[in-house]
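Commentary on secondary and tertiary structure
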Amino acid sequence: MASSPLDTSRPDRFIAAQALSRAAGAPLLTGNAVELLIDAAVHYQRWLAAIRHARKRVLLENYIIRDDSVGRAFRDALVERALAGVFVAVVCDWVGCLGQSGAAFWKPLREAGGQVRVFNRPQLGRPFGWISRDHRKVLVVDGELGFLSGVCISEKWLGDPSRGVAPWRDTGVALRGPAVAEVEAAFARSWAGTGAPLPRWPAEALHEPPGQVSLRVIATEPSTAGLYRLDQQIAAMARKTLWLTDAYFVGVAPYVQALAAAARDGVDVRLLVPGSSDIPMVAGLSRSGYRPLLKAGVRVFEWNGSMIHAKTAVADGIWARVGSSNLNVASWLGNREIDVAVEDQGFAQQLAEQYETDLGNATEIVLAPRRRLRGERVQRSGEDPAAQLRRAARRPRGGNGSSGRAAASALRLANSVGAVLTDRRVLGDTDISPLVIGTVALTVLAVVAALWPAIIAWPLALLSAWFALNLAVRAWRTRQARQRRRQDDDDAN
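Residues numbered from 1 in each chain as written. Predicted model: local features only at pLDDT ≥ 70, side-chain atom pairs only at ≥ 80, totals over all residues. Heavy atoms only, no water.

**Looking at the overall build of the chain**
Defined as follows: Counting from the N terminus, the helices are DSSP H or I runs at least four residues long and the strands are E runs at least two residues long. Here's how the labels work: a residue is buried when its accessible area is under 20% of the maximum for its type, exposed when over 50%, partly exposed in between, all with a 1.4 Å probe on protein chains only. Pairs of residues are marked as contacts when any of their non-hydrogen atoms sit within 4.5 Å. In short, Shrake-Rupley with a 1.4 Å probe defines the accessible areas, and a residue's cover is counted only from the protein chains shown.
For the chain, the count of helices and strands is 16 helices and 16 strands. Relative to its full complement of 493 residues, the chain shows a buried share of 49%. Here the contacts in the chain between residues at least 6 apart in sequence split such that 81% fall between residues at least 24 apart. As presented, the chain carries roughly 23,200 Å² of accessible surface, and 58% of it is formed by carbon and sulfur atoms.

If you want it as structure tokens, here you go:
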């Protein structure tokens, strides 16, 4: 990648810019101001302030909006703006908000004149439709100020100081300039996918650019894979560094091969992932993919805090990505996601500095056991091993809430002790765990099917009936649509 990301006079840079635009399906937008936001407390403060100062419209799209003190603060701010005559529209995800907030939670906002839509409820005729989720975290105010992030609206992101649980580590951006219109357009597509479209508002006039930053807004939808192609391009183009942070890394073979190829070519490739995750199964899948990365020279680090939920990348000190997309198939191909890819040395340097700060609270994973492991230390500056051990011992271990934190395993604690003594954790045969789990599960299923076939038959019958009903509904709707088209053609003739 060239040292000047905006110099398109050089043929190689022009080709690179064209390739990135085509891969992402998003043009390069100039004249933007971008501010890096770190962790939920800062996000909530800025988001609520923007909502409370809204004069025209507030558009909020978030995967999880929970009925707790944080969620109620946002709902009440939206109610106040709706009562003041501001147009308020909210999109939340059905799966993300399942058990988190419901109709009763949103009733005050609807009564105040605000509109709330739930993305992709289960529907007859779409038996697999529920798999696609709206995983975006977006706020747009007055068409002038936009935010996108990995932060959901929930107390969970703030941690629990009374129990010694640190806040979740997360990242987002605040935007001004032409990029805001792109973010608003992405919200409008999500809104139209759940009902009637948004009203048309006149474009906000920009008398002068609010900044000098160039970026792309990548608003992906199911099966578009724009961000996947972009991530592959960046892995292929990076010359010096490629530093990644991801909450739910499950590397598919082509991307793992791209990272491995970059590392073998001398690029400093690093991957920072959670040491303990709120979704333990994903953490296990993530660890099972460490070995090929480590063998190729990719450095892998696990976060020592309660949870790292950020989704970021920074390459060669001139390119950076922040948003909602994880490095897995669900984000790349299945969900609605939104990210910003920034081509600016100043912003990339900020994100790189934050990355190095984060490594101060992370443990590096290594392949082979040694009696003495030397190299870069990745513990907090000035922190003694005993303090690191105490922090590691009280980290929440997977799950969601107190029950997950109570399920910490002795093996993970032993690994934490070893990490304290060496500042590195040796990678064991973690790739065996998914195979063992699969073997046990299938064995149990086989035994149950052999001894008590009715236990298997009844669920299978219900599942078959469910799919038969959905296929019948889809066939009827298709037939009705075809008849309407024929009628329209006859009327036109």
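**Focus: helix 5 (residues 178-192)**
In an α-helix, one turn spans 3.6 residues; hence positions three or four apart end up facing the same way. Put simply, the rule is: An expected span of 1.5 Å times one less than the residue number is assigned to each helix. Throughout, the arc means that of the directions going from the helix axis to the C-beta atoms.
End to end, helix 5 covers 22 Å across 15 residues, agreeing with the expected 21 Å (1.5 Å per residue, within 8%). Residues Ala-179, Val-180, Val-183, Glu-184, Ala-186, Phe-187, Ser-190 and Trp-191 constitute the buried set of helix 5. End-on, the buried residues of helix 5 take up no more than an arc of 155 degrees, which puts them together on one face.

**Topic: the environment of Ala-263**
Summarising the element assignment, Ala-263 is placed in helix 7 (residues 253-264). As for Ala-263 and Leu-293, which are separated by 30 residues in sequence, their C-alpha atoms are 8.6 Å apart. Excluding residues that lie within four positions of it along the chain, Ala-263 makes contacts with Val-269, Ala-296, Gly-297 and Val-298.

**A short note on a nonpolar patch on the surface**
Note the following rule: Like charges are joined within 9 Å and nonpolar side chains (Val, Leu, Ile, Met, Phe, Trp, Tyr) within 5 Å, but only among residues with over 30% relative accessible area and no salt bridge; these make up the patches. In what follows, salt bridge is the name for a side-chain nitrogen of Lys or Arg lying within 4 Å of a carboxyl oxygen of Asp or Glu.
Residues Leu-124, Leu-460, Leu-463, Trp-466 and Leu-469 make up a contiguous nonpolar surface patch of roughly 450 Å² in combined accessible area. Structurally, Leu-124 is set in the loop between strand 4 (115-119) and strand 5 (137-141).

**A closer look at the confidence of the model for the chain**
Filter applied, for reference: pLDDT measures the predictor's confidence residue by residue and takes values from 0 up to 100.
Within the chain, residue pLDDT values average 85, and 83% of them lie at 70 or more. With pLDDT under 50 throughout, residues 1-7 is counted as low confidence; its partners more than four residues away or in other chains account for 21 contacts.

**Looking at the pattern of salt bridges**
Two side chains that carry opposite charge are able to pair once their charged atoms sit near each other. Applying the stated criterion to the full structure yields 20 salt bridges. One salt bridge in this structure joins Asp-142 and Arg-55, with 3.9 Å as the shortest N-O distance. Placement of the pair is Asp-142 in the loop between strand 5 and strand 6 (145-149) and Arg-55 in the loop between helix 2 (40-52) and strand 2 (57-62), with a sequence separation of 87 residues. On the accessibility criterion, Arg-55 (52% relative accessible area) is exposed. Note that Arg-336 and Glu-221 form a salt bridge whose closest N and O atoms lie 3.3 Å from each other. With Arg-336 in the loop between helix 10 (329-334) and strand 14 (337-343) and Glu-221 in the loop between strand 8 (213-220) and helix 6 (226-237), this residue pair connects regions lying 115 residues apart in the sequence. Look at Arg-336 and you get buried, because its relative accessible area is 8%. Residue Glu-221 is classed as partly exposed on the basis of its relative accessible area of 23%. Look at the salt bridges and you will find they share partners, linking Asp-39, Arg-169 and Asp-358 into a network.

**Details of the packing of helix 3 (residues 69-83) against helix 4 (residues 103-111)**
Axes are the key here: two packed helices are described by the angle between their axes and the distance separating the axes. The following threshold applies: Lines fitted to C-alpha atoms define the axes here, with helix axes fitted over just the stretch in contact, and angles between the N-to-C directions of these axes take values from 0 to 180 degrees. Just so you know how the angles are binned, under 35 degrees is roughly parallel, over 145 roughly antiparallel, 65 to 115 roughly perpendicular, and the rest oblique. Residue polarity follows a fixed list, in which Ala, Val, Leu, Ile, Met, Phe, Trp, Tyr, Cys and Pro are nonpolar, Asp, Glu, Lys and Arg are charged, and the others, Gly among them, are polar.
Between helix 3 and helix 4, whose axes approach to 8 Å, the crossing angle comes to 20 degrees. The pairing of helix 3 with helix 4 is recorded here as roughly parallel in orientation. Taking contact as the criterion, the partners of Gly-71, Arg-72, Arg-75, Leu-78, Val-79 and Ala-82 in helix 3 are, on helix 4, Phe-105, Trp-106, Pro-108 and Leu-109. Residues that form the contact of helix 3 with helix 4 fall into these classes: seven nonpolar, one polar and two charged.

**Considerations on the packing of aromatic side chains**
Applicable threshold: Centre distance within 6.5 Å is the pairing criterion for rings of Phe, Tyr and Trp, where only the six-membered ring of Trp is used; planes under 30 degrees apart are then read as stacked, over 60 as edge-to-face, and the remainder as tilted.
Applying the stated rule across the entire model yields 10 aromatic pairs. Put simply, the rings of Tyr-44, Trp-47 and Phe-74 touch in pairs and so form one group of aromatic residues.

**Quick word on unusual backbone geometry**
For residues that are not glycine, phi is negative in most cases, and the peptide bond is trans in most cases. Of note in the backbone geometry, Asp-142 takes a positive phi value of approximately 60 degrees without being a glycine. Taking relative accessible area as the criterion, Asp-142 reaches 4% and is therefore assigned buried.

**A word on the nonpolar core**
For soluble globular proteins, nonpolar side chains are generally found buried alongside one another. Just so we agree on the cut-off: Here, the term nonpolar core denotes a set of buried Ala, Val, Leu, Ile, Met, Phe, Trp, Tyr and Cys residues that are joined through side-chain atoms within 4.5 Å.
Ile-65, Val-90 and Leu-109 are the most contacted members of the largest nonpolar core, which totals 44 residues. If you list the elements that add at least two residues to this core, you get helix 2, strand 2, helix 3, strand 3 (87-93), helix 4, strand 4, strand 5 and strand 6. Not counting residues up to four positions away in its chain, the partners in contact with Ile-65 are Leu-60, Val-90, Cys-92, Cys-97, Gln-100, Ser-101, Phe-105, Trp-106 and Ile-153. Counting 40 residues, the second largest nonpolar core, distinct from the first, contains Val-140, Ala-186, Ala-320 and Phe-347.

**A word on the pairing of strand 8**
The condition that has to hold: DSSP bridges decide pairing: two strands pair if at least two such bridges lie between them.
With seven of eight residues buried, strand 8 is to be regarded as a mostly interior element. Of the pairings in the sheet, the one linking strand 1 (residues 29-38) to strand 8 comprises two bridges and is antiparallel in character. Note that in strand 8 the partner of Leu-29 across the bridge is Leu-215.

**Observations regarding the pairing of strand 9 (residues 241-245)**
Using the following cut-off: By convention, a crossover is right-handed whenever its connection, traced from the first strand over the helix to the second and viewed with the strands pointing away, goes clockwise.
Within strand 9, four of the five residues are buried, which leaves it mostly tucked inside the rest of the structure. The sheet contact formed by strand 9 and strand 10 (residues 268-274) spans five bridges and is parallel. By the bridge assignment, Leu-242 is partnered in strand 10 with Val-269. Where the polypeptide runs from strand 9 across helix 7 and back to strand 10, its parallel neighbour, the crossover connection is right-handed. Of the pairings in the sheet, the one linking strand 9 to strand 12 (residues 312-315) comprises four bridges and is antiparallel in character. From the neighbouring strand, Thr-245 faces strand 12, where its bridge partner is Thr-312.

**Re the side chain of Arg-117**
Basically, it comes down to this: Two residue types count as positive, namely Lys and Arg, and two as negative, namely Asp and Glu; His and chain ends fall outside the count.
With respect to the element layout, Arg-117 can be found in strand 4. Although buried, Arg-117 forms no salt bridge, and the nearest oppositely charged side chain, Asp-134, lies 11 Å from it. Non-local contacts of Arg-117, meaning those with residues more than four positions away in its chain, are made with Val-90, Val-91, Cys-92, Trp-191, Thr-194, Gly-195 and Ala-196.

**Things to note about the environment of Ala-54**
By the secondary structure assignment, Ala-54 is in the loop between helix 2 and strand 2. A relative accessible area of 1% places Ala-54 in the buried class. As a C-alpha pair, Ala-54 and Val-86 span 32 residues in sequence and 7.2 Å in three-dimensional space. Each residue touching Ala-54, except ones within four places of it in the same chain, is listed here: Arg-81, Val-86, Val-141 and Asp-142.

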